[in-house]
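Residues per chain, in single letters:
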Amino acid sequence: MNKKVGIQGIKGSFHHLVAMDYYHRGIDVMEHMSFHELAQKLAAKETDVAVMAIENSIAGSILPNYALINEYGLSIVGEYYTPVNMNLMALKGQKIEDIKKVFSHPMALLQCKEFFKKHPHIKLIEDADTAEAAKRIAREGKMKVAAVASPAAAELYGLEILAKEIHTIKSNATRFLILGTERQKPNGEKLDKASLKFDLKSERGSLVSVLNILRDCYLDMTKIQSLPIIDEPWKYSFFVDVVFERHEDFEKAIDVLKLMTEELKVLGVYKNNLV
Ligand SMILES: O=C(O)C(=O)C[C@]1(C(=O)O)C=C[C@@H](O)C=C1
């Protein structure tokens, strides 16, 4: 039976392209129109795994997604980094000057801020998904509006690309997480990366003590993200990614961190895919 892979958005979205690249074949892609729905359906086991964008090299972290992973008790079983190519597309036969409104996912619009500064006559409107915006323009036959989406979306929904590669920096890339409901089982791959979540009191030196443990256990921190604990003002949760050579080092660090932090959770141990 095919694996049911949840994505945010529809076919032609960046999530869809990642699902295809990551799994190659043997999957049924399940479309969702929000990250919340994506997390909810995975937690309810209506899908087997989910692909979720977590960070873009221009636009930064998608903070609510950290909270969703935590809230729904999801497990990170893999990660995938991919170049992201943003394009302005509309019904055939128009020029940029004809376009009055552009629809796209807020993360996509953020990645093209510099381009739109040069076209101030265009109104930017946030949408649920890049590909869905493209599909809707095609379906409704709307002139004077455009979408920002992948070349695959232009092709799938029959739109013309008016301006290609409009993202601010050519090396634009997004990190995606592959999520499941259970910890990644040993699969022959070297699982050399982990994501942790813990809470800290705002006390002098509490964070630096944690960082010292990571160093002493030979863990290399690749990311740290804080998020407010909403019912305890001025207290924070920290989401930390680490890479390591030896699993024993990671286990040792966890044993110590359990004593030093509150609510320590291992969100996942998986293969480092950043090469
Ligand atoms: O709308 C899409 O196509 C998406 O897959 C969403 C999303 C995101 O959430 O960051 C994915 C990758 C790109 O960075 C822009 C948008």
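Treat the numbers as computed from the prediction; the structure is a model and nothing was measured.

(A) Representation of the nonpolar core within the structure. Within the largest apolar cluster, 53 residues are counted, with the highest numbers of intra-cluster contacts made by Leu88, Val102, Phe116, Val148, Ile166 and Leu179. When residues in this core are grouped by element, the largest group, 6 residues, is from strand 3 (residues 49-56). In this structure, Ala194, Phe238, Val240 and Ala253 belong to the second largest nonpolar core, which totals 19 residues.

(B) Spatial organisation of the site of the ligand. By nearness alone, 15 residues border the ligand, and His15, Gln111, Asp129, Thr130 and Thr174 come closest of all. Gln111 has a polar side-chain atom sitting 2.9 Å from an oxygen atom of the ligand. The separation between an oxygen atom of the ligand and a polar side-chain atom of Asp129 is 2.8 Å. Expressed as a share of its isolated accessible area of 360 Å², the protein-covered part of the ligand is 100%. Within the shell around the ligand, the residues separate by chemical class into 7 nonpolar, 7 polar and 1 charged.

(C) The UniProt feature "domain: Prephenate dehydratase" (unreviewed entry) in the protein, seen in detail. Per the UniProt record, "domain: Prephenate dehydratase" (unreviewed entry) is annotated on residues 4-181. Within residues 4-181, the helical portion is 31% and the strand portion 33%, while the C-alpha atoms at the span's ends are 13 Å from each other.

(D) Structural context of the UniProt feature "domain: ACT" (unreviewed entry) in the protein. Using the residue numbers shown here, the UniProt feature "domain: ACT" (unreviewed entry) corresponds to residues 195-271. From the first C-alpha to the last, residues 195-271 spans 11 Å; its make-up is 32% helix and 42% strand.

(E) Examining the pattern of salt bridges more closely. Inspection of the entire model under this criterion finds 19 salt bridges. Between Glu140 and Arg139 there is a salt bridge whose closest N-O contact spans 3.9 Å. For Glu140, a relative accessible area of 43% puts it in the partly exposed group. For Asp241, the salt bridge goes to Arg175, with nearest N and O atoms at 2.8 Å. Residue Asp241 is located in strand 14 (residues 236-243), and its partner Arg175 is located in strand 11 (residues 173-180); the two are separated by 66 residues in the primary sequence.

(F) Representation of the confidence of the model for the protein. On average, residues of the protein score 96 in pLDDT, and 100% of them reach the 70 mark or higher. Here the predicted complex carries an ipTM of 0.88, next to a pTM of 0.94.

(G) Representation of the sheet that holds strand 8 (residues 123-126) in the model. Strand order in the open sheet made by the 5 strands is 8-7-9-6-10, with mixed pairing throughout. Two strands bound the open sheet, and with one partner strand each, they are strand 8 and strand 10 (160-163). The sheet shows a mean angle of 35° between the axes of neighbouring strands, taken without regard to direction. Packing against the sheet, helix 6 (residues 130-140) makes contact with strand 6 (87-90), strand 7 (101-104) and strand 9 (145-149), and its axis sits at approximately 150° to strand 9.

(H) How the structure looks around the sheet that holds strand 12 (residues 193-200). Here we have 4 strands laid out as an open sheet, ordered 13-14-12-15, and antiparallel in their pairing. The outermost strands of the open sheet, each flanked by one partner alone, are strand 13 (220-228) and strand 15 (262-270). The mean inter-strand angle of the sheet, taken between neighbouring strand axes irrespective of direction, is 15°. Sheet topology places strand 12 next to strand 15; 6 bridges connect them, and they run antiparallel. Across the sheet, Asp199 pairs through a bridge with Glu262, a residue of strand 15.

(I) Local environment of the side chain of Ser195. Its place among the elements puts Ser195 in strand 12. Here Ser195 falls in the buried class, since its relative accessible area comes to 3%. A distance of 2.8 Å separates a polar atom in the side chain of Ser195 from a polar atom in the side chain of Asp241. Contact partners of Ser195, with chain neighbours within four places excluded, come to Ile76, Val240, Asp241, Lys265, Val266, Leu267, Gly268 and Tyr270.

Cut-off values and rules
Residues numbered from 1 in each chain as written. Predicted model: local features only at pLDDT ≥ 70, side-chain atom pairs only at ≥ 80, totals over all residues. Heavy atoms only, no water. Core = buried A, V, L, I, M, F, W, Y, C linked by side-chain atoms within 4.5 Å. Buried < 20%, exposed > 50% of the residue type's maximum accessible area, 1.4 Å probe, protein only. Helix = DSSP H or I, 4+ residues; strand = E, 2+ residues; numbered from the N terminus. Near = heavy atom within 4 Å. Polar contact = N/O pair within 3.5 Å; in protein donor to acceptor, adjacent residues only side chain to side chain. Areas by Shrake-Rupley, 256 points an atom, 1.4 Å probe, with all protein chains shown as cover. Nonpolar A, V, L, I, M, F, W, Y, C, P; charged D, E, K, R; others polar. UniProt positions renumbered as here; feature names shortened; annotations may be inferred. Salt bridge = Lys/Arg side-chain N within 4 Å of Asp/Glu carboxyl O. pLDDT = per-residue confidence, 0-100. Pairing = 2+ DSSP bridges. Axes fitted to C-alpha atoms, helices over the stretch in contact; angles between N-to-C directions. Contact = heavy atoms within 4.5 Å.

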